[in-house]
Amino acid sequence: SNHDTNPYYYPSERNVIPLKMRITRRRTLSVYCLALSVDWGLGFTPSAPPSVSPSFTSTDDNRRSSRSPKAITKLDTASVLTLDNDVSFRSVASPTSFSPDMTDPKVGVLLLNLGGPETGEDVEGFLYNLFADPDIIRLPPFLAPLQSLVALLISKRRAPKSREAYDSIGGGSPILQYTRAQADLMTKSLKDRYGIEAKTYIGMRYWYPFTEEALAKIRDDEINALVILPLYPQFSISTSGSSLRVLQEEFAKKSELYGPQKMFHTVIPSWYDRPGYVKSVANLIQQELDSFTPDEIEEGTSSEQPIPKHVLFSAHGVPASYIEAGDPYKAQIEDCVGRISA
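Attention in this report is confined to the structure presented alongside it. (Residues numbered from 1 in each chain as written. Predicted model: local features only at pLDDT ≥ 70, side-chain atom pairs only at ≥ 80, totals over all residues. Heavy atoms only, no water.)

We now examine the sheet that holds strand 5 (residues 225-230). Pairing is parallel in the open sheet, where four strands are placed in the order 4-3-5-6. The open sheet terminates on both sides in strands that have one partner only, identified here as strand 4 (198-204) and strand 6 (264-267). Recorded for the sheet is a direction-independent mean angle of 20° between the axes of neighbouring strands. Note: strand 5 against strand 6, four bridges, orientation parallel. In the strand pairing of strand 6, L226 is matched with H265. Contacting strand 3 (107-113), strand 4 and strand 5, helix 5 (residues 175-194) crosses the sheet at an angle of about 160° to strand 4. Along the sheet, helix 6 (residues 211-220) makes contact with strand 3, strand 4 and strand 5, crossing strand 4 at roughly 155°. (Pairing = 2+ DSSP bridges. Helix = DSSP H or I, 4+ residues; strand = E, 2+ residues; numbered from the N terminus. Axes fitted to C-alpha atoms, helices over the stretch in contact; angles between N-to-C directions. Contact = heavy atoms within 4.5 Å.)

Within the secondary structure layout, I202 lies in strand 4. Separated by 27 residues in sequence, I202 and L229 have C-alpha atoms that sit 9.9 Å apart. Apart from residues lying up to four places away in sequence, I202 is in contact with L110, L111, L176, T179, R180, A183, P209, F210 and A214.

Here A165 is to be found in helix 4 (residues 147-167). As a C-alpha pair, A165 and G120 span 45 residues in sequence and 9.8 Å in three-dimensional space.

Now for helix 6. Every buried residue belonging to helix 6 is among T211, E212, A214, L215 and I218, and all of these are buried. Seen end-on, helix 6 carries its buried residues on one side only, within an arc spanning 155°. Residues of helix 6 that are exposed and point over 90 degrees away from its buried face: K217 and D220. On the buried face of helix 6, the contacting elements are strand 3, strand 4, strand 5, helix 7 (237-253) and helix 8 (255-258). One or two residues past the end of helix 6 sits E222, with phi positive at roughly 55°. (Buried < 20%, exposed > 50% of the residue type's maximum accessible area, 1.4 Å probe, protein only. Arc of directions from axis to C-beta.)

V109, L111, M186, L190 and L229 are the most contacted members of the largest nonpolar core, which has 25 residues in total. In terms of residues, this core owes the most to one element, helix 5, which gives six residues. By size, the runner-up hydrophobic cluster in this structure holds 17 residues, among which are L110, L112, I218 and L226. (Core = buried A, V, L, I, M, F, W, Y, C linked by side-chain atoms within 4.5 Å.)

This brings us to a nonpolar patch on the surface. Together, L146, L149 and L153 make up a nonpolar patch on the protein surface, roughly 280 Å² of accessible area in all. Within the element layout of this structure, L146 appears in the loop between helix 3 (123-131) and helix 4. With relative accessibility at 40%, the residue L146 sits in the partly exposed group. (Patch = residues over 30% accessible without salt bridge, like charges linked within 9 Å, V, L, I, M, F, W, Y side chains within 5 Å. Areas by Shrake-Rupley, 256 points an atom, 1.4 Å probe, with all protein chains shown as cover. Salt bridge = Lys/Arg side-chain N within 4 Å of Asp/Glu carboxyl O.)

On to the pairing of strand 3. Counting buried positions along strand 3 yields seven of seven residues, so the element is predominantly enclosed. Of the two faces of strand 3, the one lined by V107, V109, L111 and N113 and the one lined by G108, L110 and L112 are each fully buried. Pairing between strand 3 and strand 4: seven bridges, direction parallel. Looking across to strand 4, one finds that G108 is bridged to K199. Where strand 3 meets strand 5, six bridges bridge the pair, whose relative direction is parallel. Looking at the pairing, L112 lines up with P230 of strand 5.

With that out of the way, let us pick up the packing of helix 6 against helix 7. When two helices pack together, you describe them by how their axes are tilted relative to each other and by the distance separating the axes. Remark: helix 6 packs on helix 7, axes separated minimally by 10 Å, with the N-to-C direction vectors making an angle of 50°. Regarding the angle of helix 6 to helix 7, the classification is oblique. Read as a crossing pair, helix 6 and helix 7 show a hand that is right-handed. Between helix 6 and helix 7, the contacting residues are T211, E212 and L215 on the first element and V246, L247, E250 and F251 on the second. In terms of residue class, the contact of helix 6 with helix 7 is made up of four nonpolar, one polar and two charged. (Parallel < 35°, antiparallel > 145°, perpendicular 65-115°, else oblique. Left-handed = near helix turned anticlockwise from the far one by under 90°. Nonpolar A, V, L, I, M, F, W, Y, C, P; charged D, E, K, R; others polar.)

Let us look at the layout of surface pockets. Estimated volume of the largest pocket: approximately 1,300 Å³. L114, Y232, T239, H316 and Y329 are, among the 41 residues lining the largest pocket, the residues nearest its centre. Contributing elements (two or more residues each) for the lining of the largest pocket: helix 3, helix 4, helix 5, helix 7, helix 9 (275-290) and helix 12 (329-341). If you tally residues by element for the lining of the largest pocket, the top one is helix 12, at five residues. (1 Å grid on protein atoms, 1.4 Å probe; cavity = no way out; pocket = protein on both sides within 12 Å on 5 of 7 lines; lining within 4 Å. Points joined across faces, edges and corners; volume = space filled by probe spheres on them.)

Take a negative patch on the surface next. On the surface, a cluster of negative charge is made up of D295, E296, E298 and E299. Of the residues examined, D295 reaches a relative accessible area of 59% and is grouped as exposed. (Lys, Arg positive; Asp, Glu negative; His and termini not counted. Charge placed at Lys NZ, Arg CZ, Asp CG, Glu CD.)

By the definition in use, this model includes 15 salt bridges. For E197, the salt bridge is made with K191, and the minimal N-O distance between the two is 2.6 Å. A salt bridge links D221 to K199, with the shortest nitrogen-to-oxygen separation between them at 3.8 Å. Taken together, the positions of D221 in the loop between helix 6 and strand 5 and K199 in strand 4 put the pair 22 residues apart, joining distant regions of the chain. Relative accessible area serves as the criterion here: at 27%, D221 is assigned to the partly exposed category. Among the ionic contacts, a cluster of salt bridges with common partners joins D133, D135, R138, R205, R245 and E249.

Have a look at this one:
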């Protein structure tokens, strides 16, 4: 259906898959990830993947090697640059791992994010898309056909209150504006630091531009080496996993467009533990702690409370059933807080 006539346009609604996401423990890693993650200051060092990660890879284990790859392109050359002496990786790229038309890959970076209403008029449609996602609201199997109806009822009920909240911050969500700024800076940084000509794309899960729109642009630009980067530092089936599920569906339906002979793609499933990210968050917190005035510190100190400064970390929660099923979000949040606090 056309989104101009249907305010509840939901690109993936026609392809509802079983509620339990297909997952695997396979590692998805490439030299493209290395170049990108080093550029982000993430100090990418291969480690055990999260206990739950999407089955998202176009390479075979026998393509991996414990030695550095022989540089065959400008991209490969840039990828071996590191910021730390202990950074190492196992390559999934080699002269034989590309089809003939990929010896000089056209690199794209797909940034996945939540999305948000840009105006008050968008709020109800955004909420509908959010609650129509079975990774957000999991109905019992016998009620699954009612997902769209449940989403419609909830979105209509919650829209007025949510609209007021968005009005309090200017009338809409700034998430697209921020994500575009990130994409532009990433493109510039990859070019300036590594000489990599990479194009960036934005795929939002619940509002425009949707992931399917980003994929259309990727096809138009004939990208054949794609790094998929969810902008959620920690992995959860309800966030990164939901966005990756949409990609998995699209790739499965159109293997002639996204198969290994047409496109090499890889995923950075989480990056909360990267040194650059941890340091940047710790620095921001320290700046705020240092901003307290002597009077404020004195006011917050007493015999019962000798420590005047405290830090409260807040994060979205997920249902206990997700954690029990193996979702690593809670453990990654706790690990992230520990690293930032260290």
